[in-house]
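Listed here are the chains, written in short residue letters.
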Amino acid sequence: MARCGALVVCLALAVGTNGARAQEAGTSLSDEALASSVGARSKAAYEAPGLPLGGFRFYPRADLRIEYDDNVFNIDPDPRGDAKATFEPGFELVERTPDAGLSVKGQATFTRYADLKVQNNEQYSLEAAGHKAFGPVRLDLSGGYGLLAEMAGTLGDAVIGAPNTYSRLTGRAGLSVALTNLTVSLAGGAERFDYRTVRLEGGDVLQNYRDRTATTLGGRASLRLGPALRVFAQGRYNWQDYRQDFGAISQDSQGYALSGGLAFGFSELLSGEVTVGYLSQDYDEPASGTVSGMTYSGRLIWNVTTLVTVKLNGARTLEASPFFNQPGVVQDSISLDVDYELLRNLVVSVNTSYLYYDYFGSDRRDRQFRIGANARWLLGDRFEVGLGFSHRDQSSRGFEARPFTGSTALLSLRVKF
């Protein structure tokens, strides 16, 4: 039952914490500290002016990245290294008024490898989000479509040798009412995933057993106890509906998450949020049964000085498994990021993260550690140059264990208008 409890702890995070932030968009106590952080605060001399387009502002950009990875497939032994070039054009279209806002974002990603041509891929995405306030009532709507890829070594990488591509269609709606000290929100959404067949030299690998629709419905109540403190309670219900069984194995499930916590924010200096709760997820497959237990998450933003920002995040989530005989993967994650403004136009960052994967229904366990550093030079309001290095190390045991180590070096250029 310990594994069941861990599994539960995770789903509540994904379903509770992320949804809660979305529901209270624009009212989070973390907003002020985040907006004043080293990586996010406004620098007028280095920001693209954009192009006027009716009542909107249009911000086009293009990124070019040159990268070398000494273990492209994230396997050991016999790793394969290669260089790749990525070209990523994108845009953002924005309109804001005192009581409304609308944004549309789009991008395309074209990746080409020097030797490992099987890894070449294209990805596309388009997202739109808008809100409208009617006095104390606020309506939020968002949606998007993407043709995406799960690259080697990520959780969804079920087939080694080529990217797993899939399409993702999303839609969400939220309604909130802000009273003097109380904010009440309701939100719902759905995501549809459709996986493509992976083409390999040795034959095609079907991935359609992963096609599914994930639907959520939830609410949150937040009470202001003072200018720097809020307490909240939230609940969500979710349905995971797979469009076909794998033989006689059903992967469908449904469940709920109840949690509460507190959010604090001390002006531009320090803010955070802590959540604890309980979750239950019931799988249709008799062998999987029901999992339940505690859940928690945490977030901290600390502007140590005007030149240094520290961000700490931790969470447990339940992720969809890429394997048909395992209903889910419990993911524990913690990350620590430090940003330092060495010069007005030069920001240096150090990033570390730890991930623990517990494959429910299997004895496989993965522990992954990542560390990296990067620098970003702002060259006027049109250009940015980046330089980065990262290292990853995963230990793994159990069925289909996948240990690996790898390092990546990166040079990037961004042009913006």
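Reading the values: the criteria
Residues numbered from 1 in each chain as written. Predicted model: local features only at pLDDT ≥ 70, side-chain atom pairs only at ≥ 80, totals over all residues. Heavy atoms only, no water. Helix = DSSP H or I, 4+ residues; strand = E, 2+ residues; numbered from the N terminus. Buried < 20%, exposed > 50% of the residue type's maximum accessible area, 1.4 Å probe, protein only. Polar contact = N/O pair within 3.5 Å; in protein donor to acceptor, adjacent residues only side chain to side chain. Contact = heavy atoms within 4.5 Å. Phe/Tyr/Trp six-rings, centres within 6.5 Å; stacked < 30°, edge-to-face > 60°. Pairing = 2+ DSSP bridges. Patch = residues over 30% accessible without salt bridge, like charges linked within 9 Å, V, L, I, M, F, W, Y side chains within 5 Å. Areas by Shrake-Rupley, 256 points an atom, 1.4 Å probe, with all protein chains shown as cover. Salt bridge = Lys/Arg side-chain N within 4 Å of Asp/Glu carboxyl O. Lys, Arg positive; Asp, Glu negative; His and termini not counted. Charge placed at Lys NZ, Arg CZ, Asp CG, Glu CD.

### Regarding the side chain of Asn303
Logical step 1: Tracing the backbone shows Asn303 in strand 15 (residues 290-303).
Logical step 2: You can call Asn303 buried: its relative accessible area is 7%.
Logical step 3: In terms of polar contacts, Asn303 uses its side chain to reach the side chain of Thr309, at 2.7 Å.
Logical step 4: Look past the residues within four positions of Asn303 in its chain and what remains in contact with it is Ala33, Ser36, Ser37, Val38, Glu268, Leu269, Val308 and Thr309.

### What about the packing of aromatic side chains?
Logical step 1: Following the criterion strictly, the structure yields six aromatic pairs and no others.
Logical step 2: For the pair Phe58 and Phe91, a centre-to-centre distance of 5.8 Å together with 40° between the ring planes defines the contact as tilted. Here Phe58 is found in strand 2 (residues 56-69), whereas its partner Phe91 is found in strand 3 (residues 82-97), with 33 residues between them in sequence.
Logical step 3: For Phe58, a relative accessible area of 25% corresponds to the partly exposed category.
Logical step 4: Aromatic pair Phe110 and Tyr124: ring centres 5.8 Å apart, planes at 80°, arrangement edge-to-face. Remark: Tyr124 occurs in strand 5 (residues 121-134) and Phe110 occurs in strand 4 (residues 100-113); sequence separation between them is 14 residues.
Logical step 5: For Phe110, a relative accessible area of 27% puts it in the partly exposed group.

### Some thoughts on the pairing of strand 13 (residues 253-266)
Logical step 1: Strand direction decides the pairing type here: strand 12 (residues 229-242) and strand 13, joined by twelve bridges, are antiparallel. Its bridge partner being in strand 13, Asn238 is matched across the sheet by Gly255.
Logical step 2: Judged from the 14 bridges that link them, strand 13 and strand 14 (residues 270-283) form a sheet pairing that is antiparallel. Across the sheet, residue Leu262 finds its bridge partner in strand 14, namely Val274.
Logical step 3: The turn joining strand 13 and strand 14, which pair antiparallel and follow one another in sequence, is formed by three residues; a positive phi near 55° is taken by Ser267.

### What to know about a negative patch on the surface
Logical step 1: A surface patch of like charges, here negative, comprises Asp241, Asp245, Asp282 and Asp284.
Logical step 2: With respect to the element layout, Asp241 can be found in strand 12.
Logical step 3: Given a relative accessible area of 34%, Asp241 falls into the partly exposed group.

### With respect to the environment of Gln281
Logical step 1: Along the polypeptide, Gln281 turns up in strand 14.
Logical step 2: Between the alpha carbons of Gln281 and Leu318 there is a distance of 10.0 Å; along the sequence they are 37 residues apart.
Logical step 3: Of the polar contacts made by the side chain of Gln281, one reaches the side chain of Asn238; its length is 3.0 Å.
Logical step 4: A distance of 3.0 Å separates a polar atom in the side chain of Gln281 from a polar atom in the side chain of Ser253.

### Structural notes on unusual backbone geometry
Logical step 1: With omega at 0°, the peptide bond leading from Asp76 into Pro77 counts as cis.
Logical step 2: Take Pro77: it is sitting in the loop between strand 2 and strand 3.
Logical step 3: Backbone geometry at Asp78 places phi at a positive 55°, although glycine is not the residue there.
Logical step 4: Structurally, the position occupied by Asp78 is in the loop between strand 2 and strand 3.
Logical step 5: Residue classification places Asp78 among the exposed residues on the basis of a relative accessible area of 63%.

### So, the environment of Glu122
Logical step 1: If you trace the backbone, Glu122 turns up in strand 5.
Logical step 2: Look at Glu122 and you get partly exposed, because its relative accessible area is 31%.
Logical step 3: Only 2.6 Å separates the side chain of Glu122 from the side chain of Arg112, close enough to count as a polar contact.

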